[in-house]
Amino acid sequence: MKKIIVTGGAGFIGSNFVHYVVNNHPDVFVTVLDKLTYAGNKENLVGLPEDRAKLVVGDICDAPLVDSLVQDADAVVHYAAESHNDNSLKDPSPFVQTNIVGTYTLLEACRKYDVRYHHVSTDEVYGDLPLREDLPGHGEGPGEKFTDHTPYNPSSPYSSTKAGSDLLVRAWVRSFGLRATISNCSNNYGPYQHIEKFIPRQITNILSGITPKLYGNGKNVRDWIHTNDHSSAVWAILTKGRMGETYLIGADGEQDNKHVLELILELMGQPKDAYEQVKDRPGHDLRYAIDSTKLREELGWTPQFTNFRDGLADTIKWYTENEAWWQAEKAAVEANYAKSGQ
Ligand code: NAD
Ligand code: TDX
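Per chain, the residues get numbers from 1 upward, laid out in the order the sequence is written. Here the convention is simple: chains get letters from A, ligands get numbers from 1, in the order in which they are written. Local features in this predicted model are restricted to residues whose pLDDT is 70 or higher, and side-chain atom pairs enter the listing and the counts only when it is 80 or higher, whereas totals over whole chains, interfaces and linings include all residues. Side-chain calculation: all heavy atoms of the structure are included, whereas hydrogens and water are not.

Notes on the overall build of the chain
Here's step 1: Note on conventions: DSSP H or I runs of at least 4 residues are helices, E runs of at least 2 residues are strands, and numbering of each starts at the N terminus. When you go through the chain residue by residue, the secondary structure sums to 11 helices and 13 strands.
Here's step 2: At 19 Å, the chain has a C-alpha radius of gyration in line with the 20 Å of a compact globule built from 342 residues.
Here's step 3: Referenced to the eigenvectors of the C-alpha coordinate spread, the extents of the chain come out at roughly 55 × 50 × 35 Å.
Here's step 4: Counting across all 342 residues of the chain, residues that qualify as buried make up 56%.
Here's step 5: If you take every contact in the chain between residues at least 6 apart in sequence, the share linking residues at least 24 apart comes to 82%.
Here's step 6: Each accessible area value is a Shrake-Rupley result obtained with a 1.4 Å probe; residue values ignore everything except the protein chains displayed when judging cover. Working note: accessible area of the chain is about 14,300 Å², and carbon and sulfur atoms make up 51% of it.
Here's step 7: Across the chain, the centroid of the 34 positively charged side chains sits 2 Å from that of the 46 negatively charged ones. Only C-alpha atoms enter the radius of gyration; for comparison, a globular chain is expected to reach 2.2 Å times N to the power 0.38, where N is the number of residues. Accessibility here uses a 1.4 Å probe with only protein chains present; expressed as a share of the type maximum, an area under 20% marks a residue as buried, one over 50% as exposed, and anything in between as partly exposed. Whether two residues are in contact is decided by their heavy atoms: any pair within 4.5 Å suffices. Counting rule applied: Lys, Arg positive; Asp, Glu negative; His and chain ends not counted. One atom stands in for each charge, and that atom is NZ of Lys, CZ of Arg, CG of Asp or CD of Glu.

Thoughts on the site of ligand 1
Here's step 1: Taken together, 28 residues lie near ligand 1, and I13, D34, S83, Y158 and K162 sit nearest.
Here's step 2: Each polar contact in these results corresponds to two N or O atoms within 3.5 Å; when the atoms are within protein, one needs to be able to donate a hydrogen and the other to accept it, and residues that are neighboring in sequence are counted only if both atoms are side-chain atoms. The contact in question runs from an oxygen atom of ligand 1 to an N or O atom on the backbone of L36, over 3.4 Å.
Here's step 3: The contact in question runs from an oxygen atom of ligand 1 to an N or O atom on the backbone of Y79, over 2.9 Å.
Here's step 4: Taken by itself ligand 1 offers 830 Å² of open surface, and the protein chains cover 97% of this.
Here's step 5: Of all the elements in the fold, those that place two or more residues in the shell around ligand 1 are helix 1 (12-24), strand 5 (116-122) and helix 5 (157-176).
Here's step 6: The element contributing the most residues to the shell around ligand 1 is strand 5, with three residues.
Here's step 7: Here the residues of the shell around ligand 1 are counted per class, giving 12 nonpolar, 12 polar and four charged. Residues are classed as near a molecule or strand on a simple rule: at least one heavy atom within 4 Å of it. Here the term charged refers only to Asp, Glu, Lys and Arg, the term nonpolar to Ala, Val, Leu, Ile, Met, Phe, Trp, Tyr, Cys and Pro, and the term polar to all other amino acids, Gly among them.

Observations regarding the pairing of strand 11 (residues 246-249)
Here's step 1: Where burial is concerned, the two faces of strand 11 agree: the one with T246 and L248 and the one with Y247 and I249 are both buried.
Here's step 2: DSSP-based pairing: two strands are paired if at least 2 bridges between them are found. Alignment of strand 6 (residues 180-185) against strand 11, held across four bridges, turns out to be parallel. Looking at strand 11, one finds that C185 is bridged to I249.

A look at the site of ligand 2
Here's step 1: Ligand 2 sits among 22 residues. The nearest are T122, Y158, R201, R281 and H284.
Here's step 2: In the environment of ligand 2, an oxygen atom lies 2.9 Å from a nitrogen or oxygen atom belonging to the backbone of F198.
Here's step 3: In the model, an oxygen atom of ligand 2 is placed 2.7 Å from a nitrogen or oxygen of the R222 side chain.
Here's step 4: Considered on its own, ligand 2 offers 660 Å² of accessible surface; in the complex 94% of this is hidden by protein.
Here's step 5: A per-class count over the shell around ligand 2 returns six nonpolar, nine polar and seven charged.

Comments concerning the environment of I195
Here's step 1: Structurally, I195 can be placed in the loop between strand 7 (188-189) and helix 6 (198-208).
Here's step 2: Spatially, the C-alpha atom of I195 lies 36 Å from that of Q71, the residues being 124 residues apart in sequence.
Here's step 3: Once you skip the residues sitting within four places of it in the chain, I195 turns out to touch P200, R201, T204, Y319, W326, E329, K330 and V333.

Remarks on the pattern of salt bridges
Here's step 1: Any carboxyl oxygen of Asp or Glu within 4 Å of a side-chain nitrogen of Lys or Arg constitutes a salt bridge here. Considering all chains together, one arrives at 23 salt bridges under this definition.
Here's step 2: E245 is paired through a salt bridge with K294; the nearest N and O atoms lie 2.6 Å apart. Placement of E245 in the loop between helix 7 (227-240) and strand 11 and of K294 in helix 9 (residues 293-299) is noted, with a sequence separation of 49 residues between them.
Here's step 3: With a closest N to O distance of 2.7 Å, E266 and R309 form a salt bridge. You can see E266 sitting in helix 8 (residues 257-267) and its partner R309 sitting in helix 10 (residues 308-321), a full 43 residues away along the chain.
Here's step 4: Judged by its relative accessible area of 38%, R309 falls in the partly exposed class.
Here's step 5: Taken together, the shared-partner salt bridges connect D148, R242, E245, K294 and E298 into one network.

Okay, here's the thing in structure tokens:
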């Protein structure tokens, strides 16, 4: 595995993966293919040595461009996507185009040149779980977390296009023998996450003197994982995973939104109740929870950044020290949310 293409490598999780590979695997050269949408940022790749990584600005739906890059690669790691649920509720069209047509375009090129393909997906393809408080025995029984056998049941335009892309990969494995793996990861947090997303939105709200915003009653649960742990898991699957398999990535990080917001407020020296409840997200998934036993037992992966409080404190520090990275966009992001009462 000497030459890899990382699609979406200028986005949040993709750029963290590129840094991870460059820092930990000196024999690998990374080509980032990224369209630099509103969510992509060249700054996320600053500091990478020229002999280890390069950025190609382009669209994963551009078949001739994808063909020219893939023919020269050992593997494609596919992160590029439209990734925000709230945006998908306002306009699903770029989600269908990038997440489904883009994935199809990459799969066809990998099939043509017999290139190894890893597909980065989300736990949201499985829909949601009941809250633990509504389950007998508080949800400690079997079947209370997602596994790779959980039926697909996506809720939003975003998650349904991710589910569709996963199914394309499975079909290309079975019908064409594509050498591919899929990973479905839970909610990531860490540096370089766009400020439209929950955690960075609230941190930058507080830094900007804006009241943090909680959707609905805040009981919705997300299974948080530090993005560095996602990177090490993807690398393990890329290099050791069994072809055709799906691996779920998670670090046992279930937290409800209200608790996460209260923790951010506390760590930033604010009163615990200094937030407002705003309109809930339509179709808002209740709870996600990942069973990552297969990944841990088969590939020996273990998460390293499991202290959520410490990880959150580091993330707050990063946004505080890197105001220039997010400040120019803040007003527009909030104006957009205000239109939908959020
Ligand atoms: P992001 O929105 O921060 O980054 C997406 C990147 O893809 C951006 O750099 C953007 O410019 C690029 N891109 C978008 N459309 C493109 C196109 N047509 N051609 C080329 N590049 C394009 O997203 P993220 O949060 O880093 O998520 C990355 C991947 O991880 C996605 O596939 C997402 O579904 C998956 N994922 C995310 C999470 C999470 O918590 N954020 C959890 C599990 C899985
Ligand atoms: O201002 C907010 N207030 C709030 O309460 C925002 C932006 C969100 N929320 C809630 C909604 C969710 O329950 O916080 C939770 C997290 O929201 P997001 O950051 O938008 O993430 P989510 O919808 O859970 O999806 C994320 O994880 C799975 C990523 O954006 C997806 O790309 C990934 O697949």
